[in-house]
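# Structural overview for review
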Amino acid sequence: MTTLLGSLMNMKYKGQGNVREYIMKMHHIVSRLRTLKIELSDDVLVLMVLLTLPPEFNQFKISYNCQKEKWTLNELISHCVQEEERLKKDKTESAHLATTPKDKGKKRKFENEAAKGPVQISTWTCEERLCQISRMACKERVA
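Residues numbered from 1 in each chain as written. Predicted model: local features only at pLDDT ≥ 70, side-chain atom pairs only at ≥ 80, totals over all residues. Heavy atoms only, no water.

### Some thoughts on the packing of helix H1 (residues 2–9) against helix H2 (residues 19–35)
Running from N to C, H1 and H2 cross one another at 150°; their axes reach a closest spacing of 10 Å. By the angle class used here, H1 and H2 are roughly antiparallel. Crossing hand, H1 versus H2: left-handed. Residue-level inspection shows Leu4, Leu5, Ser7 and Leu8 of H1 in contact with H2, the latter providing Met26, Ile29, Val30, Arg32 and Leu33. By residue class, the composition of the contact of H1 with H2 is seven nonpolar, one polar and one charged. (Axes fitted to C-alpha atoms, helices over the stretch in contact; angles between N-to-C directions. Helix = DSSP H or I, 4+ residues; strand = E, 2+ residues; numbered from the N terminus. Parallel < 35°, antiparallel > 145°, perpendicular 65-115°, else oblique. Left-handed = near helix turned anticlockwise from the far one by under 90°. Contact = heavy atoms within 4.5 Å. Nonpolar A, V, L, I, M, F, W, Y, C, P; charged D, E, K, R; others polar.)

So, in structure tokens, the structure goes:
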């Protein structure tokens, strides 16, 4: 009994495997605890799952906390799977920003710039760009 409860409390999703399997493992442990007369409601299980998700899911957790309605375990699984797919998609995409000279209309100037070397390209992941935008929005609110 103590071992089951301890393993439930120490679980953390590390992004390996899929989130559905992770939640089902937690549900299985809660079911085993229920057979030992230790009652944990599905609402508590939903909160425990949310607490053990990695930082990549922080925006997802904030969205859940801002809602008035609570999710069932099946709804949580469905939403987590969607979020996991979105996160995987965002990891593979990256934004590219190419900077060009200010006087791009002047052919001679542009040719001189081209002779100096390649155009500087800044690359960041979508997640990093969202963090930059969030920081700018926070600074604007404070000012």
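### As for the layout of surface pockets
Its boundaries defined by the atoms lining it, the second largest pocket holds a volume of some 190 Å³. The wall of the second largest pocket is formed by Tyr13, Lys14, Gly15, Pro54, Glu56, Phe57, Glu84, Leu87, Lys88 and Lys91. Residue composition of the lining of the second largest pocket, by class: four nonpolar, one polar and five charged. (1 Å grid on protein atoms, 1.4 Å probe; cavity = no way out; pocket = protein on both sides within 12 Å on 5 of 7 lines; lining within 4 Å. Points joined across faces, edges and corners; volume = space filled by probe spheres on them.)

### A word on unusual backbone geometry
Phi is positive for Lys37, which is not a glycine, with a value near 70°. Mapped onto the secondary structure, Lys37 falls in the loop between H2 and helix H3 (42–52).

### Section: the environment of Ser7
Along the chain, the position of Ser7 falls in helix H1. Judged by relative accessible area, Ser7 falls into the partly exposed class, the value being 31%. Along the backbone, Ser7 and Met26 are 19 residues apart, and their C-alpha atoms lie at a distance of 9.1 Å. (Buried < 20%, exposed > 50% of the residue type's maximum accessible area, 1.4 Å probe, protein only.)

### Describing the packing of H3 against helix H4 (residues 58–66)
As a packed pair, H3 and H4 sit with axes 10 Å apart at the nearest point and diverge in direction by 150°. On the basis of the axis angle, H3 is roughly antiparallel to H4. Every pair of crossing elements has a handedness; the one defined by H3 and H4 is left-handed. Residues Val46, Leu47, Leu50 and Leu51 of H3 form the contact with H4, whose own contacting residues are Phe60, Lys61 and Tyr64.

### Observations regarding the pattern of salt bridges
Under the criterion given, the structure shown has three salt bridges. Glu83 is the partner of Arg86 in a salt bridge, and the nearest nitrogen-oxygen pair spans 2.7 Å. Taken together, the residues Arg86 and Glu83, both in helix H5 (residues 73–92) and three residues apart, mark about one turn of the helix. Residue Glu83 is classed as buried on the basis of its relative accessible area of 10%. Ionic pairing is found between Arg86 and Asp90, a salt bridge with its closest N-O pair at 2.6 Å. In this pair, Arg86 and Asp90 both sit in helix H5, four residues apart, roughly one turn of the helix. (Salt bridge = Lys/Arg side-chain N within 4 Å of Asp/Glu carboxyl O.)

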